[in-house]
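Coordinate analysis (summary)
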Amino acid sequence: MASDLRARFLEVYSKLKSELLSDPAFEWTDASRQWVDRMLDYNVPGGKLNRGLSVIDSYKLLKEGKDLTDDEVFLASALGWCIEWLQAYFLVLDDIMDNSHTRRGQPCWFRIPKVGMIAINDGIILRNHIPRILKKHFRTKAYYVDLLDLFNEVEFQTASGQMIDLITTIEGEKDLSKYSLPLHRRIVQYKTAYYSFYLPVACALLMAGEDLEKHPTVKDVLINMGIYFQVQDDYLDCFGEPEKIGKIGTDIEDFKCSWLVVKALELCNEEQKKTLFEHYGKEDPADVAKIKVLYNEINLQGAFAEFESKSYEKLNSSIEAHPSKSVQAVLKSFLGKIYKRQK
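Everything numeric here is computed off the predicted structure, so don't read it as measured data.

Rules behind the numbers
- Residues numbered from 1 in each chain as written.
- Predicted model: local features only at pLDDT ≥ 70, side-chain atom pairs only at ≥ 80, totals over all residues.
- Heavy atoms only, no water.
- Helix = DSSP H or I, 4+ residues; strand = E, 2+ residues; numbered from the N terminus.
- Rg over C-alpha atoms; globule rule 2.2 N^0.38 Å.
- Buried < 20%, exposed > 50% of the residue type's maximum accessible area, 1.4 Å probe, protein only.
- Contact = heavy atoms within 4.5 Å.
- Areas by Shrake-Rupley, 256 points an atom, 1.4 Å probe, with all protein chains shown as cover.
- Patch = residues over 30% accessible without salt bridge, like charges linked within 9 Å, V, L, I, M, F, W, Y side chains within 5 Å.
- Salt bridge = Lys/Arg side-chain N within 4 Å of Asp/Glu carboxyl O.
- Lys, Arg positive; Asp, Glu negative; His and termini not counted.
- Charge placed at Lys NZ, Arg CZ, Asp CG, Glu CD.
- Core = buried A, V, L, I, M, F, W, Y, C linked by side-chain atoms within 4.5 Å.

Within the protein one finds 14 helices and two strands. Against the 2.2 N^0.38 benchmark of 20 Å for 343 residues, the protein shows a C-alpha radius of gyration of 21 Å, consistent with a compact globule. On the principal axes, the C-alpha backbone points of the protein span a range of 65 × 55 × 35 Å. Taken across its 343 residues, the protein has 51% of its residues classed as buried. Contacts in the protein between residues far apart in sequence, at least 24 positions, make up 76% of those at least 6 positions apart. Roughly 17300 Å² of accessible area belongs to the protein as shown, and the carbon and sulfur atoms make up 53% of that amount.

Structure (structure tokens):
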């Protein structure tokens with residue numbers, strides 16, 4: 001069933017791509033069409049597609065099990081793909097900023113020999129595909145302006161979150177004492193939670209004819225879910241099995257403002273704090289090993305387990321308090337997907 005949904009979702013990608021590759025606003029040549037075609041295939045459909053697929057899931061739940069028309073499935077899929085396009089735009093540019101080497105198990109786009117810094121312009125093109133898709137398929141909808149507004153606002157929030165993250169870890173200004181739970185929360189809220197958790201549900205709500213202003217609690221719950229998700233991610237980066245999570249964690253080496261280091265600062269005695277300050281953010285595996293030993297000494301795994309169960313309880317009771325059963329179903333489905341995940 002899930003693979004069938006995914007296959008249908010990918011068919012919509014192909015349709016959107018072919019529309020973009022003959023967009024009447026530009027005079028295409030074979031070379032330009034080929035470039036964008038290759039760039040899209042490399043960057044857009046390669047991930048887990050969770051964000052995109054959850055627009056369709058959420059819309060279905062809001063429709064309370066009524067069968068969706070082909071048109072509804074197509075439109076929900078198109079919005080899902082807009083989120084995947086947004087993600088691709090962020091990742092292409094993030095990888096250049098971070099000077100990364102791999103992404104989703106392949107070289108970063110800018111590392112491809114003939115690409116290099118052209119990747120910056122490709123990022124801009126990815127960003128500009130979103131309003132092209134929205135214009136073609138949603139122009140006549142009552143919620144068109146709200147959709148444009150939503151994507152613009154979430155993009156601004158995400159870029160601002162990325163900014164806080166970047167300026168907190170400026171080379172030569174590496175200072176652990178700046179790191180705190182409120183800072184961690186702000187970075188995650190803006191950089192990840194809005195576009196990964198709130199945006200897919202907001203798209204589904206707009207399609208279902210709902211007014212986003214009337215659902216402030218939904219936004220709060222989803223932002224908190226996004227924060228919970230990122231803390232899990234921070235935890236798995238250090239304690240997850242690389243086979244399961246599909247990557248080797250480097251948060252310690254990268255001096256990341258991870259929940260683990262922030263919580264460790266809270267739990268450490270002065271002696272342990274010294275070790276943390278001395279060895280965190282160093283490339284040497286011996287330094288990394290020392291941090292991991294310290295994490296075990298202060299029982300960070302226990303602290304995480306406590307955070308996980310408390311968050312789950314809080315999220316659940318916020319969801320239960322929501323007046324609409326169909327909105328509750330959407331939120332519960334999200335929570336069910338991420339609770340106690342291993343990857």
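A cluster of acidic side chains, namely Asp146, Asp149, Glu153 and Glu213, defines a negative patch on the protein surface. Relative to the assigned elements, Glu153 resides in helix α6 (residues 144–168). Glu153 gets classed as partly exposed once you look at its relative accessible area, which sits at 44%.

Let's shift gears to the environment of Glu297. Mapping Glu297 onto the fold places it in helix α12 (residues 285–297). For Glu297 and Trp35, which are 262 residues apart along the polypeptide, the C-alpha to C-alpha distance reads 52 Å.

Turning our eyes to something else, we now look at the nonpolar core. Counting 114 residues, the largest nonpolar core has Trp85, Met225, Leu276 and Tyr295 as its most contacted members. In this view, Trp85 contacts Tyr13, Leu16, Leu20, Leu40, Val44, Leu126, His129, Ile130 and Ile133; residues no more than four positions away in its chain are not counted.

Read these as layout, nothing more, since geometry by itself doesn't imply function.
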